[in-house]
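Understanding the architecture of this molecule
Take a look at the letters that make up each chain.
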Amino acid sequence: MPHFKMTRSDANPILSPRAGSAWESLVTTNPGAIYDERRGKFVLLYRAAGHDVEHRVWFGLAESDDGVRFERVSDEPVFGPGADGGSDAGCVEDPRVMRIGDWFYVTYASRAYPPGQYWLMGGNPYRPPVRPAEFPVKFRDNLTTTHLAATQDFRTWTRLGPITDPRFDDRDVYFFPEPINGRWWMIHRPMEWCGAAYGTEHPAMWINSGTDLLHWDSSTSRLLAKAKFDWEVKIGGNTPPIRTPHGWMTIYHGKGPDGFYRLGALLMDLRDPTRVTHRTRKWFLEPEHKYETDGCYDMGGVVFPCGAVVRDGMLFVYYGGADKYVGVATAPMQAFMDNLLSCPE
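Attention in this report is confined to the structure presented alongside it. Predicted model, so just to flag it, every value in this text is computed and none were measured. (Residues numbered from 1 in each chain as written. Predicted model: local features only at pLDDT ≥ 70, side-chain atom pairs only at ≥ 80, totals over all residues. Heavy atoms only, no water.)

Once that is clear, we can look at the nonpolar core. Core analysis: the biggest nonpolar cluster contains 31 residues, and Phe175, Phe176, Ile187, Met205, Leu213 and Leu224 have the highest contact counts within it. Among the secondary structure elements, those contributing two or more residues to this core are strand 6 (91-100), strand 8 (145-151), strand 10 (170-175), strand 11 (184-190), strand 12 (205-210), strand 13 (222-225), strand 16 (247-255) and strand 17 (261-268). Looking at which element gives the most residues to this core, the answer is strand 11, with four residues. Excluding residues within four positions of it along the chain, Leu213 makes contact with Ile100, Tyr105, Leu148, Ile163, Phe175 and Trp184. Membership of the second largest hydrophobic core comes to 23 residues, among which are Phe4, Ile251, Leu267 and Ala329. (Core = buried A, V, L, I, M, F, W, Y, C linked by side-chain atoms within 4.5 Å. Buried < 20%, exposed > 50% of the residue type's maximum accessible area, 1.4 Å probe, protein only. Helix = DSSP H or I, 4+ residues; strand = E, 2+ residues; numbered from the N terminus. Contact = heavy atoms within 4.5 Å.)

What follows is the structure, given as structure tokens:
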């Protein structure tokens, strides 16, 4: 069977860092995406950072009529680290956007303190403050946890609070856009859940359910998927699930032995999302171009989406390239699903 691949836009990268900006001169990447039916706009909420030594991370906003040519809506961030010294006061990263009713819900990875320029391999002058042993591990070790915010216009926000267990480094978190069997469902990736007790050698995708969007009992999470192909060592979820007639489709990444991040897809049962029914055996997007291989954080190449949109039968996948740029790849949704359905579990 031919190797199915998505098609990159000739306009890539569709967003790039802006020289001279205090908050997006280094990084514009990993965008959450949604189509706003009310206004007829494709919306990208993207991760951004400047050259400050603390490396504070923000969200910018861009919009498009056609899904390819985007314009920034402001010269300032639309969302940023909390101002009160709380658990998301250091940075906000990797937004996933889900529409439920009249609200947009955004999950985002966060730290209590800025991460600093960690990619400089010891050359970074910034260090988070040292906290005593009785402080929560989230603050002592500056762990990444995931928070939830809500908005109706991407300008005015309600910070709803943390949604992952503060004892673990847990990101790549997002919801299903509707309850299933009377419960909300969440996919997440706790870094520490590895080893024989967890059934996976490396970080993997887990699924949990609850009756409130802020309360998730981590003890009830189940292993959803782990690395199994030669292009995967660790895996994590990327895009909020899209409902199809065949099941819930989500795109995930696999980091391979060569350090490259590549993309695959899972299909979960409509009534029982803990059951994976199909999974692509081959990746359908891998780093190839300079804007996917030449970044600042990682020595390997990266394609890392946080959002996907289906419009007029076309699937748009919005991804961070090399942890620095934003690109878009497309495929007819029917062809994408035909490829996925050819790979039963």
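What follows picks up the thread again.
Mapped onto the elements, Ser87 comes out in the loop between strand 5 (71-72) and strand 6. At 3.1 Å, the side chain of Ser87 forms a polar contact with the side chain of His147. Ser87 has contacts with Ser110, Arg111, Ala112, Lys138, Phe139 and His147, leaving out every residue within four places of it along the chain. (Polar contact = N/O pair within 3.5 Å; in protein donor to acceptor, adjacent residues only side chain to side chain.)

Turning our attention to the sheet that holds strand 12. Spatially, four strands are ordered 10-11-12-13 in an open sheet, and the strand pairing comes out antiparallel. Strands with a single pairing partner mark the edges of an open sheet, and in this sheet they are strand 10 and strand 13. Each strand of the sheet is rotated relative to its neighbour by a mean of 35 degrees, with strand direction disregarded. Here four bridges tie strand 10 to strand 11, and the two strands are oriented antiparallel to one another. Bridging from a neighbouring strand, Asp170 pairs with Pro190 of strand 11. (Pairing = 2+ DSSP bridges. Axes fitted to C-alpha atoms, helices over the stretch in contact; angles between N-to-C directions.)

All right, on to the pairing of strand 21 (residues 325-332) then. Counting buried residues in strand 21 gives six out of eight residues, a clear majority hidden from the surface. Both strand 1 (residues 7-8) and strand 21 contribute to a ladder of two bridges, which runs antiparallel. Each bridged residue has a counterpart across the sheet, and for Thr7 the counterpart in strand 21 is Thr330.

Time to look at the pairing of strand 2 (residues 27-36). When a strand is regular, its side chains alternate between the sheet's two faces. Of all 10 residues in strand 2, 10 are buried, a share of seventy percent or more. In terms of strand pairing, strand 2 meets strand 3 (residues 41-49) through eight bridges, oriented antiparallel. Its bridge partner lying in strand 3, Tyr35 is registered against Phe42.

Time to look at the sheet that holds strand 1. The strand order across the open sheet built from four strands is 1-21-20-19, with neighbouring strands paired in antiparallel fashion. The two strands at the open ends of the sheet, each matched to only one other strand, are strand 1 and strand 19 (303-311). Sheet topology note: the strand 19/strand 20 (residues 314-321) ladder contains eight bridges and is antiparallel. Bridge pairing in strand 20 places Val310 opposite Leu315. The strands that helix 3 (residues 333-341) touches are strand 19, strand 20 and strand 21; relative to strand 21, the one it contacts most, it runs at about 80 degrees.

Glancing now at helix 3. An α-helical turn contains 3.6 residues, so any two residues separated by three or four positions project in the same direction. Listing the buried residues of helix 3 in full gives Met333, Phe336, Met337, Asn339 and Leu340. Buried residues of helix 3, viewed axially, fall in a sector of 155 degrees; they line one side. (Arc of directions from axis to C-beta.)

Another point: the pattern of salt bridges. This structure, assessed with the given rule, holds 28 salt bridges. Between Arg18 and Glu24 there is a salt bridge, with the nearest N and O atoms lying 2.9 Å from each other. The partner of Glu232 in a salt bridge is Arg279, and the shortest N-O contact between them spans 2.9 Å. Here Glu232 is found in the loop between strand 13 and strand 14 (234-237), whereas its partner Arg279 is found in strand 18 (residues 276-279), with 47 residues between them in sequence. For Glu232, a relative accessible area of 6% gives the class buried. The network of salt bridges with shared partners includes Asp36, Arg38, Arg39, Glu63, Arg99 and Arg155. (Salt bridge = Lys/Arg side-chain N within 4 Å of Asp/Glu carboxyl O.)

Our focus in this paragraph is the environment of Val317. Note that Val317 resides in strand 20. When its relative accessible area of 0% is taken as the criterion, Val317 is described as buried. Linking Val317 and Gly32, residues 285 residues apart in sequence, is a C-alpha distance of 9.8 Å. For Val317, the residues in contact, after removing those within four places along its chain, are Met6, Ile251, Pro305, Gly307, Ala308, Gly327, Val328 and Ala329.

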